[in-house]
Amino acid sequence: MFSKLKSKKAPLSLSSVSNAIKSSGSKDLSPASIHPKELSLETVTQLGLPKDSIVALAYDPVQSLLAVATSTNEVRVYGQNTVEVVFEFNVKSPITILKFVKGVYLVAITPSSGGITVLSLHSKKILSTFSAPGAITAAEADPSLDFLILGLANGSLLFYDVDRFFLTPLRVDNLQKRVLPKQKMSPVLHIEWHPRDIGTVLVTYSHCALVYSIVSGDIKSTLIYQISKGAKGFELSSFVANGGKKKMFGSSKDVIPELTEAHFHPNGLHVLTLHRDNTIAFWDAAGSVLIQTRNIFESGLHLPGPPLEVPEIFCPIQSVRWICAEDPEITQLIICGGDANSGNLIHVLDFGLTLKYSITSNEKQAIFYSQPSQGQRILPVTFNLRKPEHAANEVISSALPICGDNQPYFNGNHNPSYLLLLSNYGALYILQFSAVGGSQGGTDLGGLLLPPSIASIHPPVTCSKVQTVRRVDWFSIMSTRASGGASAKTRLLLRGGAPVEDSSAPKPIGYNDGFRNVLVTGHEGGLVRLLDITKLEFSEAESLVQISLKETLYNNGNPKSVRIVFVSCAFESREMLVALGSGDVVVCKFGKSPGAHGNHSGKNYKDAPVQHSNGNARLLDIRDRISGSVAATQTFLPVSLLQLEDKDTVTCLKMNDIGFAVIGYKSGRLIVCDITRGPAIILNIDSVSQHLVSVTGDCYPTVAEFSIMEYGQDGYSSILLLVGTNCGGNLIIFKIVPMSNGGFEVVFADKTTNLNYKSGVDDPSTLKLDQIIPISSTNGNSTVAGLEMFRKLSQGVVIPGYVITTSNRDLRVIKLPKTKLSHKVIEDNCLSCGVMQFHDKGKVLAVLVKSGFLKFCSLPTLNDIVDIQIPKEIYGRIERALTSGIAAESDLLSTGDCFIRSSKTEFVHLSTYDKGKRIHSSSKEHATDLLFNENAIIPPRPSASALSWAKGQTTYTSSADLAHLIAGPNRKPAKHPESQLAYNISPEANPNSGYGGYAAAGNQASSSKTRGYAEPVRRSTTTTSSGLGTQGWMRSLQSGIESVEETFNGYANSASEAMTEGYESQKKSLYSAALKDKMGF
């Protein structure tokens, strides 16, 4: 596809001739000749997600993969570290349902059009597509089964065979019409498989929920919640049923509140129904008996009592999750929404250990659900920053538990360690969670390693920069962290998949093995991430450093105050500056904290000692406040805080490798600090305008850089601070000179004005300098101040140099202090620039322009060399960023790597390469990461107790029986390899890992060790010595019943072997007859 790239040589202009005259006598730093047709651009990778773009989530605990559907019609699958595979869809309607099936399939559903797409996690290709006969309103899949249950808008149920790619003949018509024939036609709102009986499903309609047996074709339970006048919840239910209108004379008619969803208890014996009036009803599934009704705050809504207050603003519950612990009898209810006071709260009802069903009355069960034994909690969620009118309307719409490894059942709610929360705006939030209490709601992400693209939106990136860092500097930091046990203090959210090196990607024109490309990002919520994104080499957890500052900093009750605005990191000196939305600047130094000091986000800085002050600026010592994950490992620790007496907004900052820092403010203030030898504030001027007397307007610093080079005709090199401003684009030069006491002072040297001057502009303050690039005039190498050059200053070393200044339209090369060697006007809008190494032949100035070209200019003359067009496939993605100016945050590195910003949270990595030096053919298909793990075995499905089976509450149905019933006796074998792969990891292919009462008799002794799920461990209760006390007697009775169950299990298993032969011989004829009867044959 890259054969379509255009390369063209720009015509010679009058300015080129003028620049050649000005720069005559200067050494040409660029190659003598570059053949335009030999240069090209190729996509290496894309990282990030569009902000607020997620519409669906799915998680596979066995494969440990996360699937995300976006509003841009992409399905992205994430695994460990940097594993990411993107499926692009050309559909008009969004994909809002994702389901993992049998470890190897991912089903993407477009509900409005009824489209179903089956994706392979093995081949990373589309295996099949299907259009349902109507809009899909609900879907359900089980990790161990081949079938997808589809609920349609007309209320019918269809069964799609994912493994064989066809719609099965089994169809169930609208079940609500059977029990409520006078109600309007209802779509299927929700479907859920019975957690312990694959032959039973729970189907939700508008006015009822039904427990339906696929095997018998009968409705086993009908759950209709009807509330009468006089009940506590009647007025509220009537209000919601009437569309939020109160009837003038009230209403005496019974109300059936509409449902939104229904869920099984993990043991399958109780059912929960959620209604539009926020009623949560608990039912005994066996007898369709209503046990309890409640909302978040009140219980007994169906019972007589004082009516609930009808709120002015009704906030509906969006969804609920019935979570269980390692022991599935210990449960919690997670409620999203329903709180009119705040939309950012998750309510948790912690029921604890479920009461024994066989010996507990419905009255006791009602008390159990109305008064959670372990209490009720709220988990606050810090929403992303938005405009006030938008922030008020954001609510959490759904929660996806990240379950324990190899625990895929109980509707994906088994023993989660994290909750992935999705808001109605498409934003993603992550909370720590524990199903047995403990650390719930934690938001410190310093120890949680997310896939890089997910990390770009949680919390959202606010600033970013890709830096070229010496390999020795980066790996010294990584090795120090590793030796300090950093890996033991971090945890991967996902562990699935494996990254694959793409050897077909070409090396860029300036490739240098001695450097790393490190992405530095600042986020909302005070988080900084450092990620090594060097091509082919950023696949390990050790390539990431996360610094969470919010636990250390005072947030003043406003999340904006810890929002990161700028980050500048000096890897050689191991120091970092972080500018916050409050105007404060955090100084970080690499090291190990002696220990955490508790959370200080609510404590101000009045007790923090002052380290140094200068005018209205002061440096505070905040080492005693260090807390959270940042205190657990060797990392960049927040040690000092730069504050101004009067709040100001930071407009630029720079931390340099020789230990100096500069911060510019919107008021024009400029502050310089010596961090390494201090910290100390060595310069604080009220406004840079005092050095720009001829410039009018509100002038402030926009960019700054430190350099070591010869100034004018000094005959020696100096430390120079170069500050660019707005108001026409001015360059101010300071010298940093040593003092007799061992410190340094900053001295004004000179200025150069109007480097981006344009007449007729309404607001001259918008004309600013964007970049300052100091280079050597002898070889074009960077002269940004570094420790090696700094140590040679005492030897009187001379480094002659140039300064390149860039703005949105002007490029200039200056010989300090004021000699303008060359000037180039970019009419096409210059977005970003960088000096690139062209093999070993010299340097070129690369310029990214608005029209989608990468221009190469010679140095120092700035003559046009070649224009390289960005590939059309990529241009379509970044066109909006180019025209809007977001791409101005792109980075063009000396290696030839181009990191082009496509949105605030996304970038595209392009490699500038020489086609004549390419080793691999560009026609070779790019390698993609591995997703499917053929060794990840799906554990057997939990089964009901033998007593439930004996009482007829559940029916034993094997997977083969269910497939025979649903797909019919003539189900054709699959022809694709994924089917065999799915079978190899299925419970049927691994029978020795039995679960529950259906393990083979010979394997019962070892089944507890090999099964995927542990037997529930019940809590012991203290008994009296005589055994006649209430607790002792109840415990004895309970133990006796459990003993009966165990005895019955033994009898059932022994009998099953004798029955197998006769059962198998009759099974085929039995199910064939059942199928014929259901099909009407």
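The rules we used
- Residues numbered from 1 in each chain as written.
- Predicted model: local features only at pLDDT ≥ 70, side-chain atom pairs only at ≥ 80, totals over all residues.
- Heavy atoms only, no water.
- Helix = DSSP H or I, 4+ residues; strand = E, 2+ residues; numbered from the N terminus.
- Buried < 20%, exposed > 50% of the residue type's maximum accessible area, 1.4 Å probe, protein only.
- Contact = heavy atoms within 4.5 Å.
- Areas by Shrake-Rupley, 256 points an atom, 1.4 Å probe, with all protein chains shown as cover.
- Core = buried A, V, L, I, M, F, W, Y, C linked by side-chain atoms within 4.5 Å.
- pLDDT = per-residue confidence, 0-100.
- Pairing = 2+ DSSP bridges.
- Axes fitted to C-alpha atoms, helices over the stretch in contact; angles between N-to-C directions.
- Salt bridge = Lys/Arg side-chain N within 4 Å of Asp/Glu carboxyl O.

Undergrad: Hey, could you run me through the overall build of the protein chain in this one?
TA: Looking only at helices and strands, the protein chain has 14 helices and 60 strands in total. Burial status across the protein chain gives 58% buried among its 1081 residues. For the protein chain, the proportion of contacts with a sequence separation of at least 24, taken over those separated by at least 6, is 62%. As presented, the protein chain carries roughly 43,200 Å² of accessible surface, and 51% of it is formed by carbon and sulfur atoms.

Undergrad: Would you explain the nonpolar core in this entry?
TA: Ranked by size, the top nonpolar core spans 48 residues in total, and within it Val75, Leu98, Leu106, Ile109, Leu148 and Leu150 carry the most contacts. For leucine 148, the residues in contact, after removing those within four places along its chain, are Lys99, Val107, Ile109, Ala139, Glu140, Ala141, Leu158, Phe159, Tyr160 and Val162. With 35 residues, the next largest nonpolar core counts Ile547, Leu549, Leu553 and Val586 among its residues.

Undergrad: What am I meant to see in the confidence of the model for the protein chain here?
TA: In low-pLDDT segments, the atomic positions of the prediction should not be examined closely. Residues at a pLDDT of 70 or more form 86% of the protein chain, whose mean pLDDT is 86. In this model, residues 1-14 is a region of pLDDT below 50 whose contacts with residues beyond four sequence positions or in other chains number 27 contacts. Across residues 994-1081, where pLDDT falls below 50, the model places 103 contacts with residues more than four positions away in sequence or in other chains.

Undergrad: Explain the sheet that holds strand β51 (residues 801-806) to me, please; I cannot follow it from the model alone.
TA: Strand pairing within a sheet occurs via backbone hydrogen bonds; the two strands may be parallel or antiparallel. Read from one edge to the other, the open sheet built from 4 strands follows the order β50-β51-β52-β53, with strand pairing classed as antiparallel. In the strand order of this sheet, the two ends are held by β50 (771-776) and β53 (819-825), each with one partner. For this sheet, the mean angle separating the axes of adjacent strands, direction not counted, is 20 degrees. Pairing of β51 with strand β52 (residues 810-815) involves 4 bridges; the strand directions are antiparallel. By the bridge assignment, valine 803 is partnered in β52 with isoleucine 814.

Undergrad: How do you make sense of the environment of valine 746 when you look at a structure like this?
TA: When you line up the elements, valine 746 lands in strand β49 (residues 744-752). For valine 746, a relative accessible area of 12% corresponds to the buried category. Along the backbone, valine 746 and isoleucine 736 are 10 residues apart, and their C-alpha atoms lie at a distance of 4.6 Å. Setting aside residues up to four positions removed in sequence, valine 746 forms contacts with Val672, Ile682, Leu683, Phe734, Lys735 and Ile736.

Undergrad: How should the environment of leucine 428 be read in this particular structure?
TA: Tracing the backbone shows leucine 428 in strand β29 (residues 428-432). Residue classification places leucine 428 among the buried residues on the basis of a relative accessible area of 1%. Note: C-alpha distance between leucine 428 and isoleucine 454 (26 residues apart in sequence) is 8.6 Å. Filtering out sequence-adjacent residues up to four positions away, leucine 428 remains in contact with Ile54, Leu57, Leu420, Leu421, Ile454, Ile457 and His458.

Undergrad: For this particular structure, what's the right way to read the sheet that holds strand β28 (residues 418-423)?
TA: Here we have 3 strands laid out as an open sheet, ordered β27-β28-β29, and antiparallel in their pairing. What marks the edges here is a single partner per strand, and that holds for β27 (396-402) and β29. When strand polarity is set aside, the average angle formed by the axes of neighbouring strands in this sheet is 25 degrees. The pairing of β27 with β28 spans 6 bridges and is antiparallel. When the sheet's bridge partners are listed, proline 401 is paired in β28 with leucine 419.

Undergrad: What's the story with the pattern of salt bridges in this structure? I'm lost.
TA: For the structure shown, the criterion picks out 35 salt bridges. Its salt-bridge partner being arginine 471, residue aspartate 513 comes within 3.0 Å of it at the nearest N-O pair. Taken together, the positions of aspartate 513 in the loop between β32 (491-492) and β33 (515-523) and arginine 471 in helix α7 (residues 471-483) put the pair 42 residues apart, joining distant regions of the chain. A residue is classified by how much of its surface remains accessible, and aspartate 513, at 44% relative accessible area, is partly exposed.

Undergrad: Sorry, what's going on with unusual backbone geometry here?
TA: Backbone geometry follows two general trends: most residues other than glycine have a negative phi, and most peptide bonds adopt the trans configuration. Residue proline 679 is bonded to the preceding glycine 678 through a cis peptide linkage, with omega at 5 degrees. You can see proline 679 is positioned in the loop between β44 (670-674) and β45 (680-685). Proline 860 follows leucine 859 through a cis peptide bond whose omega is 5 degrees. Turning to its location among the elements, proline 860 is positioned in the loop between β56 (853-857) and β57 (864-869). Its identity is not glycine, yet asparagine 415 carries a phi of approximately 55 degrees, on the positive side. The topology assignment puts asparagine 415 in the loop between β27 and β28. Looking at asparagine 415, the relative accessible area reads 24%, which means it is partly exposed.

Undergrad: I keep staring at the pairing of strand β4 (residues 65-70) and nothing clicks. Help me out?
TA: Side chains on a regular strand alternate between the two faces of the sheet. When you tally the buried positions in β4, you get 6 out of 6 residues, the bulk of the element. Of the two faces of β4, the one holding Leu65, Ala67 and Ala69 and the one holding Leu66, Val68 and Thr70 are both buried throughout. Sheet topology places strand β3 (residues 54-60) next to β4; 6 bridges connect them, and they run antiparallel. Across the sheet, residue tyrosine 59 finds its bridge partner in β4, namely leucine 66. As consecutive antiparallel partners, β3 and β4 are separated by 4 residues, and within that stretch serine 64 has a phi angle of approximately 55 degrees, a positive value. Bridge count between β4 and strand β5 (residues 74-78): 4 bridges; the pairing is antiparallel. From the neighbouring strand, leucine 66 faces β5, where its bridge partner is tyrosine 78.

Undergrad: Would you explain the environment of glutamine 46 in this entry?
TA: Along the chain, glutamine 46 falls in strand β2 (residues 39-48). Sequence spacing of glutamine 46 and serine 453 is 407 residues, and the spatial spacing of their C-alpha atoms is 8.8 Å. Among all residues touching glutamine 46, those that are not within four sequence positions of it are Glu84, Ile874, Arg877, Phe907 and Val908.

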